[in-house]
Amino acid sequence: MGKPKHYRPPGKKKEGNAARYVTRSQAIKLLQVSLSDFRKLCIHKGVFPREPKKKVKGNHHTYYHLKDVMYILHDPLLEKFREIRAYKKKIKKAKAKKNDELARLLLSRAPSYKLDMVIRDRYPTFVDALRDLDDPLTMVHLFAMLPAIDRLKIEVKRIHNCRRLCHEWQAYISRTHKLRKVFVAVKGIYYQAEVEGQKITWLAPHARQQVLTDDVDFNVMLTFLEFYEALLGFVNFQLYHSINVKYPPILDPRLEALAADLYALSRYFDANYKTSLQEPQVAGSSISEQEQEESNLRLAQLQHQLPANEPGALMHLVQGAAIETEEDEATRDCKKLFQNMKIFLSREVPRESLLFVIPAFGGIVSWEGDGAPFAEADGSITHQIVDRPTQGHVYLSREYVQPQWIYDSLNARIILPTEAYMVGRDPPPHLSPFVDNEAEGYVPDYAKTIKELQAAAKNDVQPFPGMGNDVLDNSQNMLAEGYISRTEAMEAAEKKQKMMLLEKQYHDDLKMELQGVSSINKQSSAEDMESKEELLRDVQQSAMDSEDLSRLMMSRKKRGLAKAIEMHKQRKKDHVEKLKERKRNTEAAQKSEKKHKRA
């Protein structure tokens with residue numbers, strides 16, 4: 001009889017993948033927990049399955065690293081889970097014996113666990129938590145819009161908690177003007193904020209009726225949500241304390257009953273943020289009154305020892321240590337975008353999103369309903385956001401625009417003209433700020449228009465392509481000032497060189513005609529041009545042959561990588577050609593439609 005496939009002599013230690021990786025059933029047996037508890041532990045501790053190069057037990061198993069399993073084994077959360085499982089058995093036993101009083105007593109004293117130490121363990125610094133905040137924010141915003149269903153264990157209390165965390169986060173971002181990009185898509189609204197140098201992107205669903213499907217495992221999602229709620233609570237606590245605002249915030253009960261939580265939070269910020277700026281404190285210090293008096297006494301004693309020509313030098317140093325952190329340039333630009341604008345929201349627009357976005361860029365906003373700061377009849381309103389085909393009552397002192405004007409203006413960082421966004425008109429295409437048009441190889445027409453408006457806003461009007469030689473002559477200067485990219489500068493330089501060659505050739509031909517050169521010379525020059533073209537084709541063919549030879553000399557791995565790069569470039573090129581073809585078809589359809597209207 002032959003030896004088995006994975007034969008190991010008795011007494012010999014395991015080596016390689018057999019020693020490093022264990023299957024899921026082996027991990028559960030080692031930890032002595034159920035499968036559901038093992039999943040919870042893995043989610044809370046950030047442990048995920050691995051893919052070893054050689055799967056010892058077969059391809060149909062899920063493998064975990066042995067170090068990850070031992071990491072869970074020594075965690076206090078595992079003991080807590082075992083305690084909860086034993087306590088549930090007591091409750092089940094009391095119910096089986098029909099001892100309802102004991103069962104109620106045991107349920108009221110049921111043990112619980114906290115994830116404070118787990119969060120501290122997974123995120124040693126605050127920047128680590130901010131770096132990993134994209135998925136928690138998306139998940140919490142999703143559950144804030146879901147309906148409460150007992151069958152799926154989605155409780156009302158949990159949904160209210162998610163909404164509270166979302167509003168607290170949005171209130172901080174709006175108040176500190178940290179929002180950078182917004183894009184309205186079919187899935188929802190994408191936001192990007194920059195907090196302490198970290199770019200945080202999340203997706204908020206549209207405020208519509210959500211339909212829950214049966215193909216989603218809500219038990220796993222609720223376990224993730226439990227961890228994300230705790231993480232977001234800690235992050236909000238730290239952010240609020242960084243600007244000297246008490247957490248959790250105390251809201252106006254009247255506004256809270258009217259579902260105006262975000263506005264109530266903004267009022268809470270107004271009441272607390274200003275007082276904290278009037279009395280700034282150094283972050284992380286808690287100085288008692290007695291210590292403050294002692295320090296003032298010491299400063300007064302040192303004041304007499306200073307030279308007479310600088311009596312307030314020491315006091316100036318102490319005051320300079322407690323000033324607030326200076327805002328960066330992006331925050332200052334965002335803060336002034338909608339400054340001195342009073343914007344009113346009609347009832348059909350996405351109120352919650354606009355209430356978050358407009359104050360984040362310095363605007364004052366109100367809405368139609370109870371608890372609003374000002375009414376629709378206010379004469380100081382500059383813009384009204386309307387999303388309907390026609391507007392009945394019109395105030396001549398304000399402009400009526402569609403919601404897309406707000407999002408496009410904040411993405412462009414300038415106030416765009418409102419003519420294209422008037423009520424009843426088809427607005428321009430809503431361009432994504434997350435797409436780099438130059439890297440994709442296709443720049444939409446409206447993106448070029450926005451670029452021209454941005455250049456005009458910087459007091460340096462940039463002409464459209466083909467409207468003069470200013471761009472060609474000053475390409476290097478405009479590149480240095482940041483108005484055009486390096487690719488555009490190189491294209492402008494190439495275009496300038498080609499135009500210079502064509503101009504030179506034209507002048508040479510003109511001189512030859514003036515000197516009376518015969519047609520024979522012209523024919524010879526045409527023959528020379530043909531010979532030059534043939535020479536160019538030969539050079540191109542030799543370049544292609546050398547490229548084929550270099551590819552033959554590559555290893556199989558590098559050859560595959562080169563082929564994948566070429567396929568990616570070709571795919572991008574095909575996509576650009578498809579977009580250009582679509583644009584041509586659209587323009588042709590618009591022209592034919594205009595002709596039919598005239599006829």
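Per an unreviewed UniProt entry, the protein goes by Pescadillo homolog and derives from Herrania umbratica. Its UniProt record, at the heading Sequence similarities (unreviewed entry), says of the protein: "Belongs to the pescadillo family." Quoted verbatim from the Function (unreviewed entry) heading of the UniProt record, the comment on the protein is "Required for maturation of ribosomal RNAs and formation of the large ribosomal subunit."

**Some remarks on the sheet that holds strand E4 (residues 189-195)**
Taken in spatial order, the three strands make up an open sheet running E3-E4-E5, and their pairing is antiparallel. Edge strands, defined here as strands with exactly one partner in the open sheet, are strand E3 (179-184) and strand E5 (198-204). When the angles between neighbouring strand axes are averaged without regard to direction, this sheet yields 15 degrees. Two strands pair when backbone bridges link them, and E3 and E4 are joined in this way by five bridges, in the antiparallel orientation. Residue pairing for E4: phenylalanine 183 is matched across the bridge by tyrosine 190. Sitting on the sheet, helix H10 (residues 156-176) is in contact with E3, E4 and E5, with an inclination near 60 degrees to E4.

**Concerning helix H9 (residues 134-144)**
If you check which residues of H9 are buried, you get Pro136, Leu137, Met139, Val140, His141, Phe143 and Ala144. On its buried face, H9 sits against H10, E5 and helix H11 (218-242).

**A closer look at helix H2 (residues 24-31)**
Those residues of H2 that sit buried are Ala27, Ile28 and Leu31. Buried residues of H2, seen end-on, are gathered within an arc of 100 degrees and therefore sit on one face of the element. Buried residues along H2 sit against strand E1 (21-23), helix H3 (35-45), helix H4 (66-73) and helix H5 (76-96).

**Remarks on the nonpolar core**
General note: in soluble globular proteins, nonpolar side chains tend to be found buried as a group. Formed by 92 residues in total, the largest nonpolar core has its most connected members in Phe143, Trp169, Leu179, Leu345, Val357 and Ile406. Top contributing element to this core by residue count: H11, with 11 residues. Ranked by size, the runner-up nonpolar core spans five residues in total, among them Tyr87, Ile91, Ala94 and Leu106.

What counts, and at which threshold
Residues numbered from 1 in each chain as written. Predicted model: local features only at pLDDT ≥ 70, side-chain atom pairs only at ≥ 80, totals over all residues. Heavy atoms only, no water. UniProt positions renumbered as here; feature names shortened; annotations may be inferred. Pairing = 2+ DSSP bridges. Helix = DSSP H or I, 4+ residues; strand = E, 2+ residues; numbered from the N terminus. Axes fitted to C-alpha atoms, helices over the stretch in contact; angles between N-to-C directions. Contact = heavy atoms within 4.5 Å. Buried < 20%, exposed > 50% of the residue type's maximum accessible area, 1.4 Å probe, protein only. Arc of directions from axis to C-beta. Core = buried A, V, L, I, M, F, W, Y, C linked by side-chain atoms within 4.5 Å.

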